[in-house]
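Each chain is listed here by its residues.
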Amino acid sequence: MIHHFGRVEVICGSMFCGKTEELIRRVRRAIIARQKVQVFKPSLDDRYGIEHITSHDGQNIKAEPIAHSEELIGKLSKDTTVVAFDEVQFFDDGIVAITEQLASRGIRVILAGLDLDFRGEPFGPMPALLCRAEEVTKLHAICVQCGEQASRTQRLVNGQPANFNDPIILVGAQEAYEPRCRDHHIVPK
Ligand code: TMP
Ligand code: MG
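Presented here is an overview of the structure given in this document. Source: prediction; values computed, not measured.

### Some thoughts on the sheet that holds strand β13 (residues 177-180)
Here 3 strands make up an open sheet; going across it, the order is β12-β11-β13 and the pairing antiparallel. The open sheet is flanked by β12 (160-161) and β13, the only strands paired with a single partner. Note that strand β11 (residues 152-157) and β12 share 2 bridges and pair antiparallel. Bridged to Leu156 within β12 is Pro161.

### Some details on the site of ligand 1
Residues in close proximity to ligand 1 total 19 residues, the closest being Lys19, His56, Phe118, Ile168 and Leu170. Measuring from an oxygen atom of ligand 1, one finds a backbone N or O atom of Leu170 at 2.8 Å. Out of a free accessible area of 490 Å², ligand 1 has 99% covered by protein chains. In the shell around ligand 1, the residues fall into 10 nonpolar, 4 polar and 5 charged.

Criteria and cut-off values
Sequence order sets the numbering: in each chain, residues are counted from 1 along the sequence as written. The lettering of chains begins at A and the numbering of ligands begins at 1, in the order of writing. Note on the predicted model: pLDDT of at least 70 is required for a residue's local features to be given, and 80 or more for side-chain atom pairs to be given and counted; whole-chain, interface and lining totals, by contrast, use all residues. Heavy atoms throughout the structure, all of them, feed into the side-chain values; hydrogens and water do not. DSSP-based pairing: two strands are paired if at least 2 bridges between them are found. Secondary structure is summarised from DSSP: a helix means a run of H or I of at least four residues, a strand means a run of E of at least two, and numbering begins at the N terminus for each. We call a residue near a molecule or strand when any one of its heavy atoms sits within 4 Å of it. Polar contact criterion, stated in full: a pair of N or O atoms within 3.5 Å, where within protein one must be able to donate a hydrogen and the other to accept it, and residues adjacent in sequence count only if both atoms are side-chain atoms. Per-residue and other accessible areas were derived by the Shrake-Rupley procedure at a 1.4 Å probe size, with only the shown protein chains allowed to occlude residues. Side-chain classes follow a simple rule in which Ala, Val, Leu, Ile, Met, Phe, Trp, Tyr, Cys and Pro form the nonpolar group, Asp, Glu, Lys and Arg form the charged group, and the remainder, Gly included, forms the polar group.

In structure tokens:
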């Protein structure tokens, strides 16, 4: 079924807040409604095998890995009405124009990604996508230090907080990251 209007939905929050779970939930609902869904992910996230997206609790669905946002246009089937992307923070800025293009063609675009990097700074194209989205869902994890809502992701290197000047991209999970609230998020400069 073709949507009457396209739309952009962004799911954001720290690591371990359930972004991928929520993306998978929305994709499954669309598949049940027999909508034609395509799921993409950046090929640099190779954590759980290259052709799937997987939540931290182990749920997974098939996804097409792409290295650059422009690759997506070539991979889009004519009858696709729902496009989902996970880990959208890793995409280049070209993803912003492509998202707008898809939505104006009547496609429902669902994007999930980290709003903030380990330093607590906006991550890649996320600010531009959040502003343009019709719907934004900001999820929270739980701070491992105090049990309050976590909005930040702490990167740890040998158990110590990573430095502000460390590289922004470091693919990983619990061995290198934990969710923390604003008060317990530490970034030595
Ligand atoms: P997740 O949001 O699905 O948990 O995955 C986030 C991915 O992003 C994970 O591979 C770790 C990576 N990452 C970075 O590369 N830099 C960062 O600053 C943060 C917080 C995460
Ligand atoms: Mg995820």
